[in-house]
Every structure is written in structure tokens, then in C-alpha cells.
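Remarks on the overall topology
Below, each chain spelled out in residue letters.
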Amino acid sequence: VDSSQSPQRAPESFTNNHTSSPGLGCQERVRYNPLRPQHTCMQVSGYVRLATAKRLTTEIEDFLRQVEPTEQSRRHRDDIVLEVTAAVRECWPDARVEVYGSFATDLFLPHSDVDLLVMKAEASENKSALQIVSERLRCLTWCRYMKPIQNASVPVVKLTADVSLLPSANLPDAALAPRYPFNPEHLQQQH
């Protein structure tokens, strides 16, 4: 049996040969430190490490270019913010819509959402502000999915937009008409 082909173990510890005092040889077991690994990749020449670092840098830069939002994606998000703001102002002329999150900080990815905060939205006598804005957003042509979440700590409306149906997509005017006519006066009526 060849003992040189024994299975390798995980680096629990390694042996460090050094001289503790003149003339005396000594072996000391040193515990493995994950913050200072004694890995074989660290024993390669500086040139190899530099080439590896450059290759890794290139791969990271390529990845960032792939996930970086396009100008078109940015415009679509801006258009959605404008459309939602207009819909909110139809319900409450004094309301404010603020953008926050990754889109506001320009750190969004291609599949990131747009976070909006509506301020000065007031309930009517028989409907909550969430119900009022949900009804209005549901009427928009580009709104493909809309779900109000009332029992969240802060009321939320989650919606999905079809950007090809946004008014800025240069579609014929007939395609931009709301799916349902919206009449803000019916919100004030009691049932």
C-alpha cells in the first residue's frame, strides 16, 4: 500500500517549524485561522495573482454592464412614476408622491421595483385611502396586476405595469383609453 496516496484532510491545523531558542528545534501546532488561510493559492507567484485579479476584475465589470439598467428602463420607470402621480392627484389634488428605495438612489437593477410613498391621501366616508387609490390604478390601461395589501403595517398597493401600454410608448390614442371610466365623484357617494 502506497502511503503517499492517503486522503487529504481539511486544514484544521498546520505544523509550523521554527526555533524557539538557539540550538533547539521545535514543532508547534497552530490552529487554522479562516481570516488568514494558509491555502495553496496564496503560494503562487505575484504574476499569477495579478493575472487572476485582472481576470476577476474583468468578469465583475462584465457582470455589472449586464445588470446595469438601460436608459429605456429608466425612462419607463420615470413614466410609471408620472402616471401614478397623475392618478393619485385625480383622487387627492393636494397629495404628494415621493420616490424612495433603489430607484431613488439610482441603485436599481433591471428587475427592481419602484417604491412610491403617497402623502396627504385621505379616506372618504365609506372607503379607505387604499381602496380609493386601488380603484383608480385598476382603471389604468398599463396596469396588468394590482393588489392592495391592507393588513401591512403601512398600507401597500402592489402593481405590475405593461410598459408597452404606457402613453409614452407612442401607441394610438384609442389604446391609451382607460379600461374602466373613472369618476372620482362616485367615491364621495354613500352606498
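Now for a description of the structure that goes with this document. (Residues numbered from 1 in each chain as written. Predicted model: local features only at pLDDT ≥ 70, side-chain atom pairs only at ≥ 80, totals over all residues. Heavy atoms only, no water.)

A closer look at the nonpolar core
Val84, Val88, Trp92, Leu137, Leu140 and Trp142 are the most contacted members of the largest nonpolar core, which has 18 residues in total. Of all elements in the fold, only helix H2 (71-91), helix H3 (129-138) and strand S5 (143-149) reach the threshold of two or more residues within this core. Of the residues forming this core, the biggest block, 5 residues, is contributed by H2. Apart from residues no more than four positions distant in its own chain, Trp142 is found in contact with Ile80, Glu83, Val84, Leu159, Thr160, Ala161, Asp162, Leu165, Leu166 and Pro167. (Core = buried A, V, L, I, M, F, W, Y, C linked by side-chain atoms within 4.5 Å. Buried < 20%, exposed > 50% of the residue type's maximum accessible area, 1.4 Å probe, protein only. Helix = DSSP H or I, 4+ residues; strand = E, 2+ residues; numbered from the N terminus. Contact = heavy atoms within 4.5 Å.)

Notes on the packing of H2 against H3
Relative to each other, H2 and H3 sit at 130°, their axes nearing to 10 Å. When the interaxial angle is binned, H2 and H3 end up oblique. At the point where H2 passes H3, the crossing takes the right-handed sense. Two secondary-structure elements touch here, H2 through Val84, Ala87, Val88, Glu90 and Cys91 and H3 through Ile132, Val133, Arg136 and Leu137. Grouping the constituent residues of the contact of H2 with H3 by class yields 7 nonpolar, no polar and 2 charged. (Axes fitted to C-alpha atoms, helices over the stretch in contact; angles between N-to-C directions. Parallel < 35°, antiparallel > 145°, perpendicular 65-115°, else oblique. Left-handed = near helix turned anticlockwise from the far one by under 90°. Nonpolar A, V, L, I, M, F, W, Y, C, P; charged D, E, K, R; others polar.)

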